[in-house]
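Now for the letters of each chain:
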Amino acid sequence: REYLDQIIYTSPVAFANFTKDGKVTDLNSSFRKLMGLSEGQSSELISIHHIGNLASPSFSSCWEDARRGEPSRTNPERITVDGNEKWYVHNFNPQINDEGEIVRIICFSEDVSEQIYTHQRLELKNKELESFVYSVSHDLKSPIFTIFGLLDMIKDDKGSSSSEKQIRLIGNVEKKLSNMRQMIS
């Protein structure tokens, strides 16, 4: 048990220990760092009831699951620490004794800011790419229709004698243009 506690308290993963009714009994330095708390501020948190004051529906729902003995994980939530926006998730893990009673709820919190920001950058790049593709496809439509028109003029020219090879080549060009038109539409 002492060995496990030592691992938890020195872990780079943010950890907070709650009673079943939501009072903080302990937290590690990684939790303090994630939440932007000083040593003194974190000492003030101990024995204070926190869960009821939290407004996040995801947090409240997960907390209720943990109180029923079910592990749960919140959706990413945004907080501001020292003027910096951070995103985090909480993993609630109820600890159950031999009698089946919940003796504490351990919360492992994780900073997922980088994943959120990467996702946001990817969404922006996808929108830029969609705009580019739309622009290129729009720019290609006019020349394709022009080429179709020229091919029709060549086929309809009664004064020229088109060989079978020329007719086949015109058909191939029309087929390729049709494929291109479908790709950009």
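Just so you know, these numbers come straight off a predicted model, no measurement behind them.

The rules behind these values
Residues numbered from 1 in each chain as written. Predicted model: local features only at pLDDT ≥ 70, side-chain atom pairs only at ≥ 80, totals over all residues. Heavy atoms only, no water. Helix = DSSP H or I, 4+ residues; strand = E, 2+ residues; numbered from the N terminus. Buried < 20%, exposed > 50% of the residue type's maximum accessible area, 1.4 Å probe, protein only. Contact = heavy atoms within 4.5 Å. Salt bridge = Lys/Arg side-chain N within 4 Å of Asp/Glu carboxyl O. pLDDT = per-residue confidence, 0-100. Phe/Tyr/Trp six-rings, centres within 6.5 Å; stacked < 30°, edge-to-face > 60°. Expected span 1.5 Å × (residues − 1). Arc of directions from axis to C-beta. Axes fitted to C-alpha atoms, helices over the stretch in contact; angles between N-to-C directions. Parallel < 35°, antiparallel > 145°, perpendicular 65-115°, else oblique. Left-handed = near helix turned anticlockwise from the far one by under 90°.

1. Here we look at the overall build of the chain
- Along its length, the chain carries six helices and six strands.
- Written out in order from the N terminus, the α and β elements of the chain read α-β-β-α-α-α-β-β-β-β-α-α.
- Every one of the 185 residues in the chain was classed for burial, and the buried ones make up 30%.
- Once local pairs closer than 6 in sequence are excluded, the contacts in the chain between residues at least 24 apart make up 44%.

2. Comments concerning the pattern of salt bridges
- This structure, assessed with the given rule, holds six salt bridges.
- The partner of Arg73 in a salt bridge is Glu110, and the shortest N-O contact between them spans 3.5 Å. Of this pair, Arg73 sits in strand S3 (residues 72-73) while Glu110 sits in strand S6 (residues 102-111), and the two are 37 residues apart along the sequence.
- Here Arg73 falls in the partly exposed class, since its relative accessible area comes to 45%.
- Here Lys125 and Glu128 are joined by a salt bridge, their closest N and O atoms 3.6 Å apart. Here Lys125 and its partner Glu128 are both found in helix H5 (residues 113-156), three residues apart, which amounts to about one turn of the helix.
- Among the residues examined, Lys125 registers a relative accessible area of 54% and is labelled exposed.
- Judged by relative accessible area, which is 42%, Glu128 ranks as partly exposed.

3. Here's the deal with the environment of Ser185
- Relative to the assigned elements, Ser185 resides in the segment after helix H6 (164-184).
- Residues Ser185 and Tyr134 lie 51 residues apart in sequence; the distance between their C-alpha atoms is 9.1 Å.

4. Here's the deal with the confidence of the model for the chain
- Scored by pLDDT, the chain comes out at a mean of 83, with 88% of its residues at no less than 70.
- The element-level mean pLDDT for the chain is lowest in helix H3 (residues 39-45), coming to 65, with S3 highest at 92.

5. Some remarks on the packing of aromatic side chains
- By the definition in use, this model includes four aromatic pairs.
- Measuring from centroid to centroid gives 5.1 Å for Phe59 and Phe92, while their planes differ by 90°, and the two rings are edge-to-face. Separated by 33 residues along the polypeptide, Phe59 in helix H4 (residues 57-67) and Phe92 in strand S5 (residues 84-96) bring together distant segments of the chain. In terms of burial, Phe59 and Phe92 fall into one category: buried.
- Seen in terms of ring centroids, Trp63 and Phe92 are 5.6 Å apart; in terms of plane orientation they differ by 75°. Their pairing is edge-to-face. Highlighted residues: Trp63 in helix H4 and Phe92 in strand S5, separated in sequence by 29 residues. Neither residue differs from the other here; Trp63 and Phe92 are each classed as buried.

6. Here we look at H6
- With 21 residues, H6 ought to run about 30 Å at 1.5 Å a step, and its terminal C-alpha atoms sit 30 Å apart, in line with that.
- Those residues of H6 that are buried are in contact with H5.

7. Some thoughts on H4
- Taken together, the buried positions of H4 are Ser58, Phe59, Cys62, Trp63, Asp65 and Ala66. Looking straight down H4, one finds that the buried residues subtend no more than 160° of arc, so they occupy a single side.
- Immediately beyond the C-terminal end of H4, within one or two residues, lies Gly69, with a positive phi of roughly 95°.

8. Concerning the packing of H5 against H6
- Put simply, H5 and H6 touch, their axes get as near as 10 Å, and they point 160° apart. Regarding the angle of H5 to H6, the classification is roughly antiparallel. Like other packed secondary-structure pairs, H5 and H6 cross with a definite hand, here left-handed. Only Ile170, Val173, Glu174, Leu177, Ser178, Met180, Arg181 and Ile184 of H6 make contact with H5, whose side of the interface consists of Ser137, Leu140, Lys141, Ile144, Phe145, Ile147, Phe148, Leu151, Asp152, Ile154 and Lys155.

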